[in-house]
Amino acid sequence: VQLQASGGGLVQAGDSLRLSCAPSGRTFTFSRYDMGWFRQAPGKEREFVAAITGSGITPYADSVKGRFTISRDNAKNMVYLQMNSLKPEDTAVYYCAAKLAGSVFAAMQTNGYPYWGQGTQVTVSS
């Protein structure tokens, strides 16, 4: 499974961005996979942001609830992260990840994902 993330950039606090992730692979059946977004700021560990399970359940990190929305388009094999009301503390490299469908708890765990994209930089200035 290959993952291509895009949509990052430099924005001001309060602005919005939409990240996209396009998974692909010869035997990849998108609907059977949970998709997650994670982020890593300089000097910090990679952390969970949001996930969408194969059945459409969407857990979020407390820090982004009400501001970020994850969605998927199974027909297009795409997953999105709409980020509104961005804050400087949202600055990080954002990664999309994929794993075979499982529990909601597992979908929130960094070490549960075997497939990762290359990351896209999001920088929010104050």
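Throughout what follows, the structure given in this document is the object of discussion. Once a new chain begins, its residue numbering starts again from 1 and follows that chain's sequence as written. Residues qualify for local features only when their pLDDT is at least 70, as the model is predicted, and side-chain atom pairs are given and counted only at 80 or more; totals for whole chains, interfaces and linings, by contrast, use all residues. Heavy atoms from the whole structure form the basis of all side-chain values; hydrogens and water molecules are not counted.

### Let's talk about the sheet that holds strand β1 (residues 2-6)
Line of reasoning, step 1. Read from one edge of the open sheet, four strands run β1-β3-β7-β6, paired in antiparallel fashion. Sheet topology places β1 and β6 (68-73) at the edges, where each strand pairs with a single neighbour. Between one strand axis and the next, the sheet turns through 15° on average, direction left out of account.
Line of reasoning, step 2. Sheet topology places β1 next to strand β3 (residues 17-24); five bridges connect them, and they run antiparallel. Looking at the pairing, Ser-6 lines up with Ser-20 of β3. Any two strands are treated as partners once DSSP identifies two or more bridges connecting them. Counting from the N terminus, the helices are DSSP H or I runs at least four residues long and the strands are E runs at least two residues long. Helix axes are fitted only over the stretch in contact, all axes being lines through C-alpha atoms; the angle between N-to-C directions runs from 0 to 180 degrees.

### Some thoughts on the nonpolar core
Line of reasoning, step 1. Here the nonpolar core consists of buried residues drawn from Ala, Val, Leu, Ile, Met, Phe, Trp, Tyr and Cys, with membership extended through side-chain atoms lying within 4.5 Å. Residue exposure (1.4 Å probe, protein chains only): buried if accessible area is under 20% of the type maximum, exposed if over 50%, otherwise partly exposed. Membership of the largest hydrophobic core comes to 36 residues, with the highest contact counts inside it found for Met-35, Trp-37, Leu-81, Met-83 and Tyr-94.
Line of reasoning, step 2. Among the secondary structure elements, those contributing two or more residues to this core are β1, β3, β4 (33-40), β5 (47-52), β6, β7 (78-83), β8 (92-100) and β10 (120-125).
Line of reasoning, step 3. Contact between two residues is taken to exist if any of their heavy atoms lie within 4.5 Å; hydrogens are not considered. Non-local contacts of Leu-81, meaning those with residues more than four positions away in its chain, are made with Leu-17, Arg-18, Leu-19, Trp-37, Val-49, Ala-50, Phe-68, Thr-69, Ile-70 and Tyr-94.

### Quick word on the state of the cysteines
Line of reasoning, step 1. We call a pair of cysteine sulfur atoms a disulfide when they lie within 2.5 Å. One pass over the full model with this rule turns up one disulfide.
Line of reasoning, step 2. Two residues, Cys-21 and Cys-96, share a disulfide whose sulfurs are 2.1 Å apart. Between Cys-21 and Cys-96, the disulfide has an S-S torsion of 55° and is therefore right-handed. Of this pair, Cys-21 sits in strand β3 while Cys-96 sits in strand β8, and the two are 75 residues apart along the sequence. Each member of the pair, Cys-21 together with Cys-96, is buried.

### Topic: the side chain of Lys-99
Line of reasoning, step 1. With respect to the element layout, Lys-99 can be found in strand β8.
Line of reasoning, step 2. With residues up to four places along the chain from it excluded, the contact list for Lys-99 reads Arg-32, Tyr-33, Asp-34, Ala-106, Ala-107, Gly-112, Tyr-113 and Pro-114.

### Considerations on the packing of aromatic side chains
Line of reasoning, step 1. Any Phe, Tyr or Trp ring, taking Trp's six-membered ring, that has another such ring centre within 6.5 Å forms a pair; planes under 30 degrees apart are called stacked, those over 60 apart edge-to-face, and the others tilted. A complete count under the given rule lists six aromatic pairs for this structure.
Line of reasoning, step 2. Consider the rings of Phe-38 and Tyr-113, whose centres lie 5.1 Å apart with planes at 75°: the pair is edge-to-face. Of the two residues, Phe-38 is situated in strand β4 and Tyr-113 in the loop between α1 (104-107) and β9 (115-116); the sequence distance between them amounts to 75 residues. No difference in accessibility class separates Phe-38 from Tyr-113, as the two residues are buried.
Line of reasoning, step 3. Grouping aromatic residues by their ring pairs yields a cluster made of Phe-38, Phe-48, Tyr-95, Tyr-113 and Trp-116.
Line of reasoning, step 4. Directly above the ring of Tyr-95 sits Arg-46, whose terminal nitrogen or CZ lies 3.8 Å from the centroid.
Line of reasoning, step 5. Placement of a positive charge over a ring is assigned whenever Lys NZ or Arg CZ falls within 6 Å of the ring centre and within 35 degrees of the normal to the ring plane. One cation-aromatic arrangement involves Lys-99 over Tyr-113; the distance from NZ or CZ to the ring centre is 6.0 Å.

### What about the environment of Gln-2?
Line of reasoning, step 1. By the element assignment, Gln-2 lies in strand β1.
Line of reasoning, step 2. Take Gln-2: its relative accessible area is 48%, and that puts it in the partly exposed class.
Line of reasoning, step 3. Along the chain, Gln-2 and Arg-72 lie 70 residues apart, while their C-alpha atoms are 16 Å from each other.
Line of reasoning, step 4. If we ignore the near neighbours within four places in the chain, the residues touching Gln-2 are Ala-22, Pro-23, Ser-24 and Gly-25.

All we've got here are geometric facts, nothing functional implied.
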